[in-house]
Amino acid sequence: MNRYFFYLFLFVALMNIMLFVPHILVDNRFEGSVAAILISPIFGSIMIYMFTNAMARFPGQGLPEIFAQFFPRWFVSVYMFFYAMMYWFSSTVVAMAFAVLINRFFNPHANVLIIMVVMVLASGYAATRSTLTVMLLLEIIIIINVPIILFIMFKMVTSPQLNLDSIHVVANYIGHWPNLASIAAATYIFTGYINLSLFNRLFPPNFRFKLLWTYPILGLLILLVTFFVPIGFHGTQGISQYIYLWTITADSLMMQYGFIERVMFLFLIVFLNLSLVYTATAWHQAMEFIKGCMPSMKPETDSPKAPITNYVIIGLFTAASVLYMVFTNEKMNLAITTVWLILRMFTEVMTVVTVFILSRRRLVPR
Amino acid sequence: MRKILCRIRSLVLVLLLVVPLGGCGFKDIDKRFFVVGTGLDLSGNKEKPYRITIQLAIPSPKIEPGTSKFQFETIDAVSIAEGLRMLKAYVDKELDFGHCRIFLIGESLARQNITPVLDWMKRRRDIQMVAMMAIGKPDAASVLKIKPISEQYPGNALLLSFGADGTESSYNYAESLSGFSRRLTERGFDPALAIVKGDKKLGYIINEIALMDKQRIKLILSPDESQMFNQLASRFTKASMHGIFRHQKMVVAINQLHSRFRIENRDDQDVIKVNMRMKTVVEESAASLFDKDLKPIESELEKSYEAEANKLLVKIQKANVDPLGFGLRYLAMHSGDQNWERWQQLYPEASFQVNVRLIIEGTGLIR
């Protein structure tokens, strides 16, 4: 079962590219991004240790059930609703960013709204499945796509175009104190563990998390590649002129004897897969949290048939995502995502600390 | 319960039907004109300064030398984007830049200002960042219009000269769009482009390199200098043969080469140290060498190489360009503010010190 926790972590760490994390870090590259990158693994490992430790004391329970034991009903409902909105928002940002990418690079003549509708319908359907199904879906996607991502990363890191001097120049700015946005962006890499707040329902009693020390190291590696590889390719100054950092970086590579010469298309397909499943898992969790608001709902992880509530909630999510797309544009999306990343960091700290205290104090359940 | 599920399912199906209403976004491959080469020149006309030449591939069922067919379209325009829109009125199929791997910039344009050209290229989504950039001499259009008799399919001959699949010339300097645009913005790392000339309308000659500052050509290197520049820049990812070195009555072929540099400050005098190691084989020699002690010959070659490299480095320094990235290295090695200003004062006064370790591995097949 440990591998499932690993997937949850790895998955979110890889998705940082779609959530503008490299973009925000590169914007602040002379104002503390490097320091933020070095601080975030410390923050991340403390959070991971606290949360896994706390959740291990509530085997088979998700956040809604744990909170329901200790807090009044109205508080749980409000909190869960807020939590669900945070999840819904992150996946909507990803879906929208990807719809725009498809529109830009694959099919510029198509209406971007239609692409978005198709994407959210597909991931919405996946989200209505049971928790176990979503977890297994995640495993399949990770196993298929991660080797390709590793291949692309290997090609990038070993490319002669990667200029180490440019990377060194930016790394010299280590002494600058980071601002909130860059800290929030950097810590996002380590945020995958928070998915345990729902998927903990699947973990059996006496389950032990193993090899937790590898997570911060892996996260730091991904973060370094995310931040420094585009800088090595496009230079310390040139990097700021691109909007789609990683797509352009993938386009700067060539697979001479591959089926497709442009690495960009391979990259986009892989991240399309990841984005769809990210949207599906995040919506599934948001859906379960909303169900946690309703007192009548019993948590179920492997129901043979999807209850009607699932369809209703996901239908609302889908409609809201399309509406979000109609009312925002790329620029607003970036600004809102920056705010979301900061808000996410504080929500996360709050949740982790609360659950940790609850697990220690052993309050008499209500 | 069942009924509602059924209804939702049918609703989803109906919604899915909306999807194809947008129509087919793709055009078939036979309704497209693939641009395989683009040339950008100055027209000399003040009102329409840019002259755009595109080379359009005409698909042919035969792939054998000399069967490549293409069509040219040329237009003068106020801006490149406008010119291309106008060109669409000249052709019957949709123009597609997705397969354009060669962008030639006319010499006159490169001597003026290439910033707007680069801006257009980077903005276009279908232009590959791996496309090759070069300078056409005397202008891009005349180079593009050359029809090499050996060419197998349109645009292939020029591409082969730049890639690692075809010829591996030590005079050629291949630069991609992404590499070029990086150098255009990076402080202390200036761009350089190969110069392509026509050879009697039948082939190409690529043996000169133009060194540029952030806007225009500053210095053009002769073929010999170009080869040495390539060796100094250590851009040998593509060739196993690193060119030759000639000294008096002897020519050696360089088989292996490593070049790295360091910036040192000794007694308030800044020295750029370039260390090179090369393994060579004798290709031409007037005298028999096999029985002789090779050490003195090696050191003689080293000295003469050092002198020539120094001359080239000083020439590049005098032109006030920095295509080898000395400035970037300086910024990387010194953290702190105002380094860039300090480097700009320091570079024109810095002296060079080239250390070459040349090893003769053999005398070829004869003594």
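Residues numbered from 1 in each chain as written. Chains lettered and ligands numbered in written order. Predicted model: local features only at pLDDT ≥ 70, side-chain atom pairs only at ≥ 80, totals over all residues. Heavy atoms only, no water.

(A) Looking closely at the overall build of chain B. When helices and strands are tallied, chain B shows 11 helices and 14 strands. The C-alpha atoms of chain B give a radius of gyration of 26 Å, which is well past the 21 Å a tight globule of 367 residues would have. Projected onto its principal axes, the C-alpha positions of chain B cover 90 × 60 × 55 Å. Counting all 367 residues of chain B, 50% fall into the buried class. Taking the contacts inside chain B whose residues are at least 6 apart along the sequence as the reference set, 67% of them involve residues at least 24 apart. Per element, the accessible surface of chain B, about 18400 Å² overall, is 53% carbon and sulfur. Positive and negative side-chain charges in chain B, numbering 53 and 44 respectively, have mean positions lying 7 Å apart. (Helix = DSSP H or I, 4+ residues; strand = E, 2+ residues; numbered from the N terminus. Rg over C-alpha atoms; globule rule 2.2 N^0.38 Å. Buried < 20%, exposed > 50% of the residue type's maximum accessible area, 1.4 Å probe, protein only. Contact = heavy atoms within 4.5 Å. Areas by Shrake-Rupley, 256 points an atom, 1.4 Å probe, with all protein chains shown as cover. Lys, Arg positive; Asp, Glu negative; His and termini not counted. Charge placed at Lys NZ, Arg CZ, Asp CG, Glu CD.)

(B) Summary view of the layout of surface pockets. Looking at the second largest pocket, its volume works out to about 620 Å³. As for the second largest pocket, its lining consists of 22 residues, of which Leu121(A), Tyr311(A), Gly315(A), Ile8(B) and Val12(B) are closest to the centre. Elements represented by at least two residues in the lining of the second largest pocket include exactly helix H6 (112-127) and helix H14 (308-327) of chain A together with helix H1 (2-18) of chain B. Looking at the lining of the second largest pocket residue by residue, the class counts come to 16 nonpolar, four polar and two charged. (1 Å grid on protein atoms, 1.4 Å probe; cavity = no way out; pocket = protein on both sides within 12 Å on 5 of 7 lines; lining within 4 Å. Points joined across faces, edges and corners; volume = space filled by probe spheres on them. Nonpolar A, V, L, I, M, F, W, Y, C, P; charged D, E, K, R; others polar.)

(C) Fine view of the packing of aromatic side chains. Taken as a whole and assessed by the stated rule, the structure comprises 34 aromatic pairs over all chains. Ring centres of Phe267(A) and Phe271(A) lie 4.8 Å apart, and the angle between their planes is 40°; this geometry places the pair in the tilted category. Of this pair, Phe267(A) and Phe271(A) both sit in helix H13 (residues 263-293), four residues apart, which is roughly one turn of that helix. Note on Phe267(A): relative accessible area 4%, which makes it buried. On the basis of an interplanar angle of 50° and a centroid distance of 5.9 Å, the ring pair of Phe326(B) and Phe352(B) is categorised as tilted. On the criterion of sequence distance, the pair formed by Phe326(B) in helix H10 (residues 326-333) and Phe352(B) in strand E14 (residues 351-362) is long-range, its members being 26 residues apart. Comparing Phe326(B) with Phe352(B), the two get one shared label, buried. In this structure, Lys147(B) packs its charged tip against the face of Phe70(B), placed 5.8 Å from the ring centre. Cation over ring: Arg329(B) sits above Phe261(B), and NZ or CZ is 4.4 Å from the ring centre. (Phe/Tyr/Trp six-rings, centres within 6.5 Å; stacked < 30°, edge-to-face > 60°. Lys NZ or Arg CZ within 6 Å of the ring centre and 35° of its normal.)

(D) Highlighting the pattern of salt bridges. Counted under the stated rule, the structure contains 25 salt bridges over all chains. Salt-bridge contacts for Glu288(A) lead to Arg201(A); the nearest nitrogen and oxygen are separated by 3.0 Å. Taken as a pair, Glu288(A) in helix H13 and Arg201(A) in the loop between helix H10 (196-199) and helix H11 (214-234) lie far apart in primary sequence, 87 residues in all. With respect to burial, Glu288(A) and Arg201(A) carry one shared label: buried. Two residues, Arg357(B) and Glu298(B), come together in a salt bridge whose shortest N-O distance is 3.8 Å. Placement of Arg357(B) in strand E14 and of Glu298(B) in helix H9 (residues 294-318) is noted, with a sequence separation of 59 residues between them. Glu298(B) sits in the buried class, given a relative accessible area of 6%. Through salt bridges with shared partners, a single ionic network connects Glu65(A), Arg201(A), Glu288(A) and Lys291(A). (Salt bridge = Lys/Arg side-chain N within 4 Å of Asp/Glu carboxyl O.)

(E) How the structure looks around the environment of Gln237(A). Take Gln237(A): it is sitting in the loop between H11 and helix H12 (245-251). According to the relative accessible area criterion, Gln237(A) is partly exposed, its value standing at 24%. When the C-alpha positions of Gln237(A) and Thr337(A) are compared, they lie 24 Å apart, and in sequence the two are 100 residues distant. Leaving out residues up to four positions away in the same chain, Gln237(A) has contacts with Arg29(A), Phe30(A), Thr185(B), Glu186(B) and Arg187(B).

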